[in-house]
Amino acid sequence: MAAIRGLKLIRGAVAAPTLTKARADGEPAADGAAAGDVMTVEFSRFDAWYEIDSWWEGRFLERTAKGSFKRTIKSLGPAGVKVFFNHGRDMQIGSKVLGVAELLEERETSPYMEVPLLDTSYNRDLIPGLRAGAYGSSFMFEVVREDWNHDPGVADHNPEGLPERTIKEVRLFEAGPVTWPANPDATAGLRSVRSGVDWLMESFGDQEQEHREELKRSFAAFRAMHGLSTPSEDGPAAPARTTPQTPAPGLTPARHVEGGLSPAARARRLTLLGVRK
């Protein structure tokens, strides 16, 4: 069944971004960037199942197949993928790019990107945290081709027999470091992650209500198309979940969150999460 076009999704990357002083292959980075910092990011571990537990998308298992990034990489080239902090929605940095990727390719286990960081004040603020491994990473994409198994049965990787989605091709838009990664790495067993889509849709709820309503209709059609659980119109299906406060990055799955909310915005978010009426 064809994917619904126009639905931009957010997923956590395999590992935290790292910094090097030169290209990973030992060659100098382009345009003299070898003297500066080069950020490396791995996107999505191929053929590793992870659980999506999203108020907007529904609940199912998902994996990306090897080769799913090849066409978008060939079409866009490294420079065609934007590199932001917190998906361009940080209160201070906004949508300023961190750098222009000079290498973007599929490797054996994951897509891989190298980005010489621009010499800017906001990058200088980020570099200590990047060096310390304090940030996670995430990427935004659209599904172009997918396979669904709506009745997979029970298995070791799927003890509840949830619907399974294999992503065969994506259109990549953006990638970069984030404060709270929704990390789908399943090496320690199946992990449930709150989708980064939930975080993005909540941010739209405060400032881009018209866009949010359009996406709401699209996600409702997506859930209906695949027979996924449909949440109540009153709020998310899991009201007991709350925003993480101070867990160490990478130790537990966490969804993206924003800071600096006004009292009115906080009240709207709590209502959306079903915490208060």
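This one's a predicted model, so the numbers in the text were calculated from it and none came from an experiment. (Residues numbered from 1 in each chain as written. Predicted model: local features only at pLDDT ≥ 70, side-chain atom pairs only at ≥ 80, totals over all residues. Heavy atoms only, no water.)

A tally of regular secondary structure across the chain gives five helices and 11 strands. Looking at the chain as a whole, 51% of its 277 residues qualify as buried. Across the chain, every contact between residues at least 6 apart in sequence was considered, and the portion connecting residues at least 24 apart equals 73%. Total accessible area on the chain stands at roughly 13000 Å², and carbon and sulfur atoms take up 51% of it. (Helix = DSSP H or I, 4+ residues; strand = E, 2+ residues; numbered from the N terminus. Buried < 20%, exposed > 50% of the residue type's maximum accessible area, 1.4 Å probe, protein only. Contact = heavy atoms within 4.5 Å. Areas by Shrake-Rupley, 256 points an atom, 1.4 Å probe, with all protein chains shown as cover.)

Now for the environment of Gly6. Along the chain, Gly6 turns up in the segment before strand S1 (8–12). Accessibility expressed as a relative area gives 47% for Gly6, which makes it partly exposed. C-alpha separation for the pair Gly6 and Phe141, spaced 135 residues apart in sequence, amounts to 9.6 Å.

Attention now moves to helix H2 (residues 121–131). Considered for burial, the residues of H2 that qualify are Tyr122, Asn123, Leu126, Ile127, Gly129 and Leu130. Looking at the buried positions of H2, the neighbouring elements they touch are strand S2 (18–20), strand S3 (38–42) and strand S10 (164–178).

This brings us to the pattern of salt bridges. In total, this model carries 14 salt bridges according to the counting rule given. With a closest N to O distance of 2.6 Å, Asp119 and Arg124 form a salt bridge. Here Arg145 ties to Glu169 by a salt bridge, and the two come within 3.1 Å at their closest N and O atoms. With Arg145 in strand S9 (residues 136–149) and Glu169 in strand S10, this pair connects stretches of sequence that are 24 residues apart. The buried category is assigned to Glu169, whose relative accessible area is 8%. (Salt bridge = Lys/Arg side-chain N within 4 Å of Asp/Glu carboxyl O.)

Time to look at the sheet that holds S2. A sheet is described by the order of its strands in space; here four strands give the open sequence S2-S3-S8-S7, paired in antiparallel fashion. Each edge of the open sheet is held by one strand with a lone partner, namely S2 and strand S7 (103–106). Each strand of the sheet is rotated relative to its neighbour by a mean of 20 degrees, with strand direction disregarded. Sheet topology note: the S2/S3 ladder contains three bridges and is antiparallel. Each residue of the ladder has a partner; that of Thr18, found in S3, is Thr40. (Pairing = 2+ DSSP bridges. Axes fitted to C-alpha atoms, helices over the stretch in contact; angles between N-to-C directions.)

With that settled, consider the confidence of the model for the chain. Mean pLDDT over the chain: 76, with 66% of residues reaching 70 or higher. Here residues 28–35 scores under 50 on pLDDT; set against residues more than four positions off or in separate chains, the count is 12 contacts. Low confidence marks residues 186–194, where pLDDT is under 50. Its contacts with residues over four positions away, or in another chain, come to 29 contacts. (pLDDT = per-residue confidence, 0-100.)

Topologically, Lys82 is positioned in strand S6 (residues 82–83). On the accessibility criterion, Lys82 (44% relative accessible area) is partly exposed. For Lys82 and Ala101, which are 19 residues apart along the polypeptide, the C-alpha to C-alpha distance reads 8.1 Å.

Time to look at the pairing of S3. Along any regular strand, the residues point their side chains to alternate faces of the sheet. With respect to burial, S3 is a largely interior element, four of its five residues being buried. The sheet contact formed by S3 and strand S8 (residues 111–116) spans five bridges and is antiparallel. Bridging across to S8, Met39 finds its partner in Val115.

Before going further, it helps to spend a moment on the pairing of S7. Bridging between S7 and S8 involves four bridges; their strand directions are antiparallel. Looking at S8, one finds that Glu106 is bridged to Pro111. Between S7 and S8, which follow one another and run antiparallel, lie four residues.

One recurring pattern in soluble globular proteins is that nonpolar side chains are buried together. Judged by nonpolar contacts, the single largest core of 43 residues is most densely connected at Met39, Phe43, Phe69, Met113, Phe141 and Leu172. Broken down by secondary-structure element, the contributors of at least two residues to this core are S3, strand S4 (50–54), S8, H2, S9, S10 and helix H4 (209–226). Here Met113 is in contact with Met39, Thr40, Val41, Phe43, Val83, Ala101, Leu103, Leu104 and Ala175, once residues within four sequence places are set aside. (Core = buried A, V, L, I, M, F, W, Y, C linked by side-chain atoms within 4.5 Å.)

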